[in-house]
Amino acid sequence: MLAFALIGVSGSAMADPTLLGTPTDPTGVNGVVVDGTTYNVTFSTTTFNSPLFTQFTPGSAISVDASIALANALGSLGVTALGGVTVFDGGGDFLAVNNMFGGSLDDVRCDDEPNCRAAIWDNGIGTLGITSLSDFGPINFDNGPFGPATGFVEAVLFVPVAPTSVPEPATLSLLAFGLAGVGFMRRRRKEAFP
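Residues numbered from 1 in each chain as written. Predicted model: local features only at pLDDT ≥ 70, side-chain atom pairs only at ≥ 80, totals over all residues. Heavy atoms only, no water.

**Digging into unusual backbone geometry**
- One non-glycine residue, Asp35, adopts positive backbone phi at about 50°.
- In this structure, Asp35 sits in the loop between β2 (25-34) and β3 (37-44).
- A relative accessible area of 51% means that Asp35 is categorised as exposed. (Helix = DSSP H or I, 4+ residues; strand = E, 2+ residues; numbered from the N terminus. Buried < 20%, exposed > 50% of the residue type's maximum accessible area, 1.4 Å probe, protein only.)

In structure tokens, the structure reads:
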């Protein structure tokens with residue numbers, strides 16, 4: 001019985017993503033899995049393109065997968081805004097997955113929803129041009145015939161999490177059987193020599 005319980009525990013080592021901050025002002029998400037690697041993700045308006053953080057090549061498969069994984073995490077965690085800024089219909093919140101100057105980058109966005117109330121986050125390819133540090137933070141932009149719109153832009157820093165050593169089920173089973181055997185031998189010895 002103990003062996004089966006230990007096998008069940010060892011199989012549930014993978015945790016769900018955890019929100020840092022609040023649903024209207026998140027500072028990051030821990031435990032985002034991208035192509036089998038777990039990342040802790042931090043949002044920033046002042047730090048990006050740092051060698052301390054993993055940077056994905058814009059448009060690469062892993063960059064697209066990272067933006068999809070982050071969008072899914074934000075939706076499942078109920079994130080409805082960035083930086084506490086209310087986004088009106090036509091506006092949008094944007095997270096730049098590739099944090100470097102110049103060009104259009106893969107991003108994660110929540111737009112075309114008043115206040116992102118439905119928490120519909122998706123990955124957008126090549127929609128966010130980062131040309132200077134001042135591109136981050138609250139933004140006001142012209143939304144054509146719909147008038148002015150608001151939003152918020154942050155950089156996204158993916159930090160790989162060092163894998164934790166989780167014993168395999170077979171190892172745990174052997175340990176359980178060994179402990180059970182020791183207990184059984186002790187009981188037999190006690191019965192033989194009262």
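Following the structure, the description resumes.
**Describing the nonpolar core**
- Residues Leu70, Leu74, Leu95, Trp121 and Phe158 are the most contacted members of the largest nonpolar core, which totals 27 residues.
- Listed by contribution, the elements that provide at least two residues to this core are β2, β3, α2 (61-76), β5 (104-111) and β8 (148-160).
- Looking at this core, the element that brings in the most residues is α2, giving six residues.
- Discounting residues that sit within four places of it in the chain, Leu95 has contacts with Phe43, Leu70, Leu74, Leu82, Asp106, Asp107, Val108, Trp121, Leu128, Glu154 and Val156. (Core = buried A, V, L, I, M, F, W, Y, C linked by side-chain atoms within 4.5 Å. Contact = heavy atoms within 4.5 Å.)

**Examining α2**
- Between its first and last C-alpha atoms α2 spans 23 Å; for 16 residues at 1.5 Å apiece the expected length is 22 Å, and the two agree.
- For α2, every residue scored as buried is listed here: Ser63, Ala66, Ser67, Ala69, Leu70, Ala71, Ala73 and Leu74.
- Phi turns positive one or two residues past the end of α2, at Gly78, with a value near 75°. (Expected span 1.5 Å × (residues − 1).)

**What to know about the packing of aromatic side chains**
- Taken as a whole, this structure holds three aromatic pairs when the rule is applied.
- Considering the side-chain rings of Phe56 and Phe158, the 5.2 Å spacing of their centres and the 65° angle between planes classify their relative orientation as edge-to-face. Of the two residues, Phe56 is situated in the loop between β3 and α2 and Phe158 in strand β8; the sequence distance between them amounts to 102 residues. Just as Phe56 is buried, Phe158 falls in that class too. (Phe/Tyr/Trp six-rings, centres within 6.5 Å; stacked < 30°, edge-to-face > 60°.)

**Some points on the environment of Val32**
- Here Val32 lies in strand β2.
- Residue contacts for Val32: discarding those within four places in its chain leaves Thr37, Thr38, Tyr39, Val41, Ala69, Leu70 and Ala73.

**Considerations on the confidence of the model for the protein chain**
- Confidence in the prediction for the protein chain averages 77 pLDDT; 70% of positions are at 70 or higher.
- In the predicted structure, residues 1-12 sits below a pLDDT of 50 and forms twelve contacts with residues beyond four places in sequence or in another chain. (pLDDT = per-residue confidence, 0-100.)

**Remarks on the pattern of salt bridges**
- Here the structure, examined in full by the defined rule, presents one salt bridge.
- Of the charged contacts, one joins Asp122 and Arg109 as a salt bridge, the two residues approaching to 3.1 Å between their closest N and O atoms. Taken together, the residues Asp122 in strand β6 (residues 122-129) and Arg109 in strand β5 connect sequence positions 13 residues apart.
- A relative accessible area of 29% means that Asp122 is categorised as partly exposed. (Salt bridge = Lys/Arg side-chain N within 4 Å of Asp/Glu carboxyl O.)

**So, the side chain of Asp106**
- Within the element layout of this structure, Asp106 appears in strand β5.
- Here Asp106 sits buried without a salt bridge, and the closest side chain of opposite charge, Arg109, lies 10 Å off (N-O distance).
- At 2.2 Å, the side chain of Asp106 and the side chain of Ser63 are in polar contact. (Lys, Arg positive; Asp, Glu negative; His and termini not counted. Polar contact = N/O pair within 3.5 Å; in protein donor to acceptor, adjacent residues only side chain to side chain.)

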